[in-house]
Amino acid sequence: MTFPVEAGKKKQRPAFRDQKTKDVLFCLLLLLPAIVLCITFIIIPIIDSVIMSFQDYRLVNLTQNIPGEWNNFSNYTRLWGSGRLQSSIMITVVFVVATVVLTFVTALILALILNSKIRGARLLRSIMMIPWVVPTVITGLLWMWIFANPYGLLQYLVGIFTGGHVTNFSILSNTDTALWGVIIAALWKQIPLMALLLLAGMQNVPDDIIEAAKIDGASYVQRLVYIVLPYMKSVISVSVSMCIIENFKQYPLFATLTNGGPTGATTTLAVLSYDEAFVNYNYGSGAAVTTVWLLLMIIVVFVFRRIFRTDND
Amino acid sequence: MKRKIAAALAMAMTFSLAACGGGGGTDTPSTSNGEQENVTLRFYNYALSETAKADWWNATVEAFEAENDWIDIETVTVDYNSMIQTFTNDLASGLAVDMVYGEVSWIPALAESGFVQSPEDVLSADFYSGYYDYVLEQMKYNDTVYAVPHYYSPSLIFVNKDLVEAAGLSMDSFPTTLDGLKEWIETLAAYYQGDTNVTTIFGLTTAEVSATGANINAMYNAFGGTLINDQGGLADLTSGDNLTAMTEMLDFYKYLIGSGYTQENLKLKDYRSSFGAGNVVMYVDQSWGYAQISEVSDNTSDFTVTASLPGTMGTNGKGESLVESHCFMIGSGLSDAQKEAVDLFIQYCTSTGTMEDYLNNIGLAYVAHENMEDCQISPILDGASSGKDNVVTQPLISAATSVQTEMASMVLNYVSNGVSSEDAVNSYITEAEYYINQ
């Protein structure tokens with residue numbers, strides 16, 4: 001194969017290659033702002049945080065600009081030895097799995113209902129948006145009032161439905177139920193967005209294929225499992241990924257509702273990281289929790305994306 | 001051409017990002033005005049986030065500035081949860097932290113980070129010597145005093161006089177022993193059984209927050225226990241008086257929560273608002289909790305009285321209380337003129353003329369400086385006056401907040417989670433040492 005050559009040059013290189021190099025350089029130039037942004041605001045802070053997690057880094061290091069000192073993995077071993085790290089990983093995983101599964105199932109049911117052309121679907125869609133637009137901290141405060149002991153709405157309803165036998169039910173004060181109190185608040189906040197995303201995906205499923213399946217005698221469940229859900233694979237993948245990430249880094253609801261209590265029953269990685277860094281001012285230890293947290297999140301999202309990998313990926 | 005424009009835009013964006021990294025601080029303005037140098041003080045004050053206190057502080061600062069026209073005080077609201085972040089960010093922006101008004105528990109973090117200096121180096125010697133030693137002692141961290149108290153409070157019991165008298169009891173015979181207190185509680189509980197308006201007979205906070213931790217620690221001291229030893233480590237909680245005090249204290253919480261005389265996991269502010277609404281007969285708090293009680297209605301002073309913790313609490317307890325205080329901390333790196341201004345301002349705020357209204361109507365407390373000796377103290381505090389000198393101090397440690405907050409977890413473990421008192425205490429020791437030794 002021969003290439004056209006440029007005249008007047010000592011070294012003759014293929015014009016195709018020159019053009020390709022120019023294009024690559026031009027692309028890099030256009031990408032430069034994004035690369036600089038990524039490096040400055042994402043990569044460097046992450047690297048800095050990982051380095052800090054291996055150091056003894058206290059408040060005085062921060063305020064007096066004193067470099068941290070390598071401490072022989074002490075931040076990690078201390079957290080592990082105290083059992084805090086394992087406990088918070090477990091609570092985080094339970095919270096994420098329960099919230100994501102319940103959000104997805106409930107949102108899917110809601111999307112199916114809204115997609116069935118029922119009366120008032122548009123109004124319902126608008127109302128459903130409300131929890132989503134409410135700031136998370138306000139959601140926390142709202143549910144704190146509902147769960148409040150002894151004057152909360154939940155307490156009142158439990159009193160009525162048990163005929164006055166249960167008078168001191170406080171969901172957030174009990175180690176067995178506190179996490180579920182936060183999960184309920186998280187569901188209230190997150191189901192609307194998930195439902196609307198799934199609904200959008202559902203409305204893109206071609207009608208003719210559904211019709212063909214109907215003619216072939218496919219039942220409602222069969223159409224849902226074999227046609228609707230596979231068609232929604234990319235929407236489900238994106239929305240569930242978002243939900244996983246959102247709940248992995250959930251902090252405002254825990255801060256407003258339980259602050260990690262009672263007796264550590266809702267201390268997730270987010271709460272533990274905040275407590276170590278900003279309550280005990282041990283930034284090295286806080287960074288260690290953050291590093292574990294980041295790794296865990298990357299692994300979970302990676303595995304999830306592998307499972308839901310589509311042809312386009 | 002399009003390529004050139006796109007390239008130019010990309011380069012412009014890249015360089016503009018680099019330009020964002022620059023920036024410099026602003027210096028505190030300091031100009032000459034006749035012979036007196038004008039100074040500005042940046043004053044970080046937690047109380048500005050509470051309406052009643054904020055009004056008083058704003059008026060006080062304004063009056064002080066009117067008297068001292070060469071001093072300009074810039075007030076900044078700051079709260080416990082974000083103070084270090086606020087200070088760090090402000091310092092990075094070139095803003096100075098000249099003066100802080102906060103709680104004793106803030107001292108270790110601020111002293112360790114170099115934000116504050118010893119007031120002994122700033123305040124005039126005559127004035128400084130007027131502080132009561134037993135209050136000043138609580139401001140010590142690593143053998144250095146890092147703050148001066150504005151006023152102080154022991155732990156005391158707020159009592160709804162009307163509810164007590166309706167049950168046939170009299171404040172004149174308020175119990176002086178733990179057993180006597182339990183008898184009162186039983187009498188009141190029997191009287192108010194089935195009355196949905198009275199939710200709490202004797203309130204003790206157990207929410208896992210720092211204020212609750214301090215409150216539980218105060219109860220532990222009242223039972224005769226010591227939490228932090230003189231070396232700044234965790235005292236031996238597994239034997240002697242400390243174990244007795246801890247066990248008796250835990251049993252008292254179990255008695256109250258188990259019998260429904262108090263609710264678990266409530267914060268002090270919950271009790272304050274419930275007390276103000278007339279739903280609580282008695283609860284334990286600091287004197288300045290009245291500020292939030294009085295926000296509920298205008299007539300709270302009609303039924304609110306106080307009492308000291310009983311002088312006999314369990315086997316060894318003498319009802320001794322830890323000193324709690326709101327205090328001034330002075331920023332490091334002040335100029336001489338700023339030091340003079342800080343000295344004047346703290347003296348102004350520590351005078352009878354300035355404080356009488358505050359101590360009677362806003363944040364009830366006891367005076368901590370001889371300049372306020374003539375200050376009229378609110379009659380609401382009359383009943384607790386015997387407890388104001390029955391105080392003990394505890395060495396300040398940097399992990400104090402977490403170590404005390406863990407006490408709430410210990411109480412909940414024992415009272416609600418079925419853990420034995422021995423296991424609850426051992427678990428607490430593990431947790432407390434985790435924070436102390438980090």
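Small disclaimer: the values here were computed from a predicted structure and weren't measured.

What follows concerns the domain arrangement of chain B. Accessible area lost upon the coming together of the parts is a frequently used measure of interface size. Residues and elements named next belong to chain B. Taken as a whole, chain B is organised into domain 1 (38–150 + 324–381) and domain 2 (155–322 + 399–436). Across the contact, 12 residues belong to domain 1 and 15 residues belong to domain 2. Taken together, the residues that form the side of domain 1 that touches domain 2 break down as 7 nonpolar, 2 polar and 3 charged.

What follows is about helix H13 (residues 269–279) of chain A. With 10 of 11 residues buried, H13 of chain A lies mostly within the body of the structure. Along H13 of chain A, the residues that are buried comprise Leu269, Ala270, Val271, Leu272, Ser273, Tyr274, Asp275, Glu276, Ala277 and Val279 of chain A. Looking at the packing, one finds that the buried side of H13 of chain A touches helix H4 (84–114), helix H12 (252–257) and helix H14 (283–307) of chain A together with helix H16 (400–415) of chain B. Downstream of H13 of chain A by a residue or two, Tyr281 of chain A has a phi angle that is positive, lying close to 55°.

Attention now moves to the nonpolar core. Across soluble globular proteins, nonpolar side chains have a tendency to be buried as a group. Within the largest apolar cluster, 141 residues are counted, with the highest numbers of intra-cluster contacts made by Ile107, Met329 and Val411 of chain B. When residues of this core are assigned to their parent elements, the largest contribution, 9 residues, is made by H16 of chain B. Lining this core are residues from two domains, each supplying at least three of them: domain 1 (38–150 + 324–381) and domain 2 (155–322 + 399–436) of chain B. The next biggest cluster of nonpolar side chains, apart from the first, holds 52 residues, and it includes Trp143, Met194, Leu253 and Val292 of chain A.

Between chain B and chain A, the contact holds 31 residues from the first and 31 residues from the second. Only helix H1 (2–20), helix H3 (83–92), helix H4 (107–112), H16 and helix H17 (421–436) of chain B provide two or more residues apiece to the side of chain B that touches chain A. A class-by-class count of the residues in the side of chain B that touches chain A yields 13 nonpolar, 14 polar and 4 charged.

A word on unusual backbone geometry. Glycine aside, a negative phi is what most residues show, and trans is what most peptide bonds show. Residue and element names in this part refer to chain A. The omega angle of the peptide bond from Gly261 to Pro262 is -5°, so this bond is cis rather than trans. Along the chain, Pro262 falls in the loop between H12 and H13. The backbone of Asn72 sits at a positive phi, close to 60°, despite the residue not being glycine. Looking at the secondary structure, you find Asn72 in the loop between strand E2 (69–70) and helix H3 (74–82). You will see that Phe73, though not glycine, has its phi angle at about 60°, which is positive.

Residues and elements named next belong to chain B. With respect to burial, strand E5 (residues 99–103) is a largely interior element, 4 of its 5 residues being buried. Pairing of strand E3 (residues 39–45) with E5, which is carried by 3 bridges, proceeds in the parallel orientation. Its bridge partner being in E5, Asn45 is matched across the sheet by Tyr101.

Moving on, we come to the packing of H3 of chain A against H14 of chain A. Residue and element names in this part refer to chain A. Taken N-terminus to C-terminus, the directions of H3 and H14 make an angle of 75°; their axes are 9 Å apart at the nearest point. As summarised for this structure, H3 and H14 are arranged roughly perpendicular, according to the angle between their axes. Across from Asn75, Tyr76, Arg78 and Leu79 in H3, the residues of H14 making contact are Gly284, Ser285, Ala288 and Val289. For the contact of H3 with H14, the class distribution of residues is 4 nonpolar, 3 polar and 1 charged.

Rules used in this analysis
Residues numbered from 1 in each chain as written. Chains lettered and ligands numbered in written order. Predicted model: local features only at pLDDT ≥ 70, side-chain atom pairs only at ≥ 80, totals over all residues. Domains from an automatic or database assignment. Contact = placed C-beta atoms within 7 Å. Nonpolar A, V, L, I, M, F, W, Y, C, P; charged D, E, K, R; others polar. Buried ≥ 20, exposed ≤ 12 C-beta atoms within 10 Å, placed from the backbone. Helix = DSSP H or I, 4+ residues; strand = E, 2+ residues; numbered from the N terminus. Core = buried A, V, L, I, M, F, W, Y, C linked by C-beta atoms within 7 Å. Pairing = 2+ DSSP bridges. Axes fitted to C-alpha atoms, helices over the stretch in contact; angles between N-to-C directions. Parallel < 35°, antiparallel > 145°, perpendicular 65-115°, else oblique.

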